[in-house]
Amino acid sequence: MSVLADLAAGFAGALTPWNLLMCFAGVFAGQLVGALPGIGPSAAIALLLPLTFGGDPTSAIILFAGIYYGAQYGGTLTSVLISVPGEPSSVMTSLDGYQMALKGRAGTALGIAAIGSFFAGTIATLGLMILAPPLARAALAFGPPEYFALVVLGLTALAAVGGSVLKGLSAGVFGLLISTIGIDQQTGVARFAFDQVWLLDGIGFIVITVALFGIGEVLSSVGKPAPAPITNVGNVLPSREEWRQSRMPILRGSVIGFLVGVLPATGATIASFIAYIVEKKVSRNPEKFGTGAIEGVAGPEASNNAAAGGAMVPMLALGVPGSGTTAIILGALIMFGIRPGPELFDKNSALVWTVIASMYIGNVMLLVMNLPLAGLFAKLLRVPYPYLYPPILALCVAGVYSQANSIQDVWMLLGFGVLGWLMMRYDWPAAPMILGLVLGVIFENSLRQSMTLSHGSLTIFFTRPVSAFLLACSLLAITAPLIIKLMQSRKQVPA
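For clarity, every value in this text was computed on a predicted model and none was experimentally measured.

(A) Spotlight on the layout of surface pockets. Space inside the second largest pocket adds up to approximately 850 Å³. When contributions to the lining of the second largest pocket are tallied by element, the ones reaching two or more residues are helix H8 (165-179), strand S1 (182-183), helix H9 (205-221), helix H14 (324-335), helix H17 (389-404), helix H18 (407-425) and helix H19 (431-453).

(B) Expanded view of the environment of Gly182. Tracing the backbone shows Gly182 in strand S1. Spatially, the C-alpha atoms of Gly182 and Phe194 are 9.7 Å apart, while their sequence positions differ by 12 residues. Not counting chain neighbours up to four residues away, the residues in contact with Gly182 comprise Val189, Ala190, Arg191, Leu199, Leu200 and Gly202.

(C) Geometry of the packing of helix H10 (residues 240-262) against helix H12 (residues 295-310). The geometry of H10 relative to H12 is characterised by a closest axis approach of 6 Å and an angle of 30° between their N-to-C directions. By the angle between their directions, the pair H10 and H12 is classed as roughly parallel. The handedness of the crossing between H10 and H12 comes out as right-handed. Touching Gln245, Ser246, Pro249, Ile250, Gly253, Ser254, Gly257, Phe258, Gly261 and Val262 of H10 are Glu295, Ala298, Gly299, Ala302, Ser303, Ala306, Ala307 and Gly310, all from H12.

(D) Representation of unusual backbone geometry in the model. Phi is positive for Asp195, which is not a glycine, with a value near 65°. Positionally, Asp195 belongs in the loop between strand S2 (190-191) and H9. Overall, the relative accessible area of 78% leaves Asp195 in the exposed class. Located in the positive-phi region is Asp427, a residue other than glycine, with phi close to 60°. For Asp427, the position within the fold is in the loop between H18 and H19. We classify Asp427 as exposed; its relative accessible area is 53%.

(E) Spatial organisation of the side chain of Asp96. By the element assignment, Asp96 lies in helix H5 (residues 91-102). On the accessibility criterion, Asp96 (0% relative accessible area) is buried. Within the local environment of Asp96, its side chain forms a polar contact with the backbone nitrogen of Ala293, the two atoms lying 2.9 Å apart. Excluding anything up to four places from it in sequence, Asp96 contacts Tyr276, Lys288, Phe289, Gly290, Thr291, Gly292, Ala293, Gly296 and Val297.

(F) Representation of the pattern of salt bridges within the structure. Under the defined criterion, the tally for this structure stands at 8 salt bridges. The salt bridge partner of Asp184 is Arg448, with a shortest N-O separation of 2.8 Å. Here Asp184, found in the loop between S1 and S2, pairs with Arg448, found in helix H19; they are 264 residues apart in sequence, far enough to count as distant. Take Arg448: its relative accessible area is 27%, and that puts it in the partly exposed class. Notably, a salt bridge pairs Glu444 with Arg448, separated by 3.4 Å at the nearest N-O pair. In this pair, Glu444 and Arg448 are both assigned in helix H19, 4 residues apart and thus about one turn of the helix distant. A single network of salt bridges, built from pairs that share partners, joins Asp184, Arg191, Glu444 and Arg448.

Scoring rules and cut-offs
- Residues numbered from 1 in each chain as written.
- Predicted model: local features only at pLDDT ≥ 70, side-chain atom pairs only at ≥ 80, totals over all residues.
- Heavy atoms only, no water.
- 1 Å grid on protein atoms, 1.4 Å probe; cavity = no way out; pocket = protein on both sides within 12 Å on 5 of 7 lines; lining within 4 Å.
- Points joined across faces, edges and corners; volume = space filled by probe spheres on them.
- Helix = DSSP H or I, 4+ residues; strand = E, 2+ residues; numbered from the N terminus.
- Contact = heavy atoms within 4.5 Å.
- Axes fitted to C-alpha atoms, helices over the stretch in contact; angles between N-to-C directions.
- Parallel < 35°, antiparallel > 145°, perpendicular 65-115°, else oblique.
- Left-handed = near helix turned anticlockwise from the far one by under 90°.
- Buried < 20%, exposed > 50% of the residue type's maximum accessible area, 1.4 Å probe, protein only.
- Polar contact = N/O pair within 3.5 Å; in protein donor to acceptor, adjacent residues only side chain to side chain.
- Salt bridge = Lys/Arg side-chain N within 4 Å of Asp/Glu carboxyl O.

Shown next, in the form of structure tokens:
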């Protein structure tokens, strides 16, 4: 009953006019950025971070969460209408969604994606409500070694999501190094400030995030051609037969997506791949996949939306993000002075349950918004991308300058923006670097405290069961992709 009472209190907070407005703004903005290839929810949240600094943290997290799960459906628009996934998690949707659009069934593809997203998002939010509190209570017994192992797991798991584990780990370590700039919290000694007073406070999370995901995204997108979309959407409501074909894929995709999303080393992209493979395996006519099978749209779309909700479980309960976007949301919580993890449900329960309740409301908004307005969103794809870049750059500079009135932050923004462009050009992930910066203080303090408890012995991390298990999971996150690649290369070698 306590869960229902907490949820009722959460709805009371989420249904206030301001929080409702933030929820609507989040899902609407998520729709837009998901529909524009190359921007994505990470960049959108990074751009809005300076505007929310100093405001109400609950409203800000409602806004960011709405952008996160709203973008999952926004990516469907480009997948179906121009065969260009707006989000990596929509790659599988484009295989059958675009073929349906070519056959004049674009509206049906978008409609079943909206309905599937609604059911999946609701199921994932229910799972978040049930699973996160007991997980947080179990983690309340964590000490410094366990927190250290959690940070290591978060860094290695996020590094393993990208293409190269080595690049991901290197970016994460670079983020940890950046976090050491400024005043040492335990000794009060200035570190790596080079006699520059403005560096004594360290390099701000907002500056790095806006630079990598705002400036970097714009620079990497300049010059890329935009394909012509299919703007004739038609009827978005599926027929009775199409709904019959889609209901079980939606259910299976929701369960797969949530379970995969909870695992820190996975994410919505992997969930959509698994859901598509499962639907093809259980289908009586697997040969129709890739030619316009509605099951190939329903399953992956349900899974990527459920994975977005599932990824919130470890982020809220343990402080371990399962994706780049949740890493930025975690950083936003820390920016507001809120520490994600086991104590969050006790010290900031009102915030948590208000955000969970807002996710129920946001999913309803998305359904109501998408079914009648699918054609309008399709027309937005005709806006030339060059018109979008100047206001985005202006928002980046103005936001970073306004949060501290520092011209040095602006120069830092431009410098790290160029770094972000280089990282995207050479396929270096930015999310582990952000996470390393955000968790650097926790990482360092937990390591120091653990060394004090053990009198300088590293065995404390391996003799305590929980920390040993978490470090073993970290090792698995690093070695599993390497082992899989090795096995694939052996299969490709001719006998």
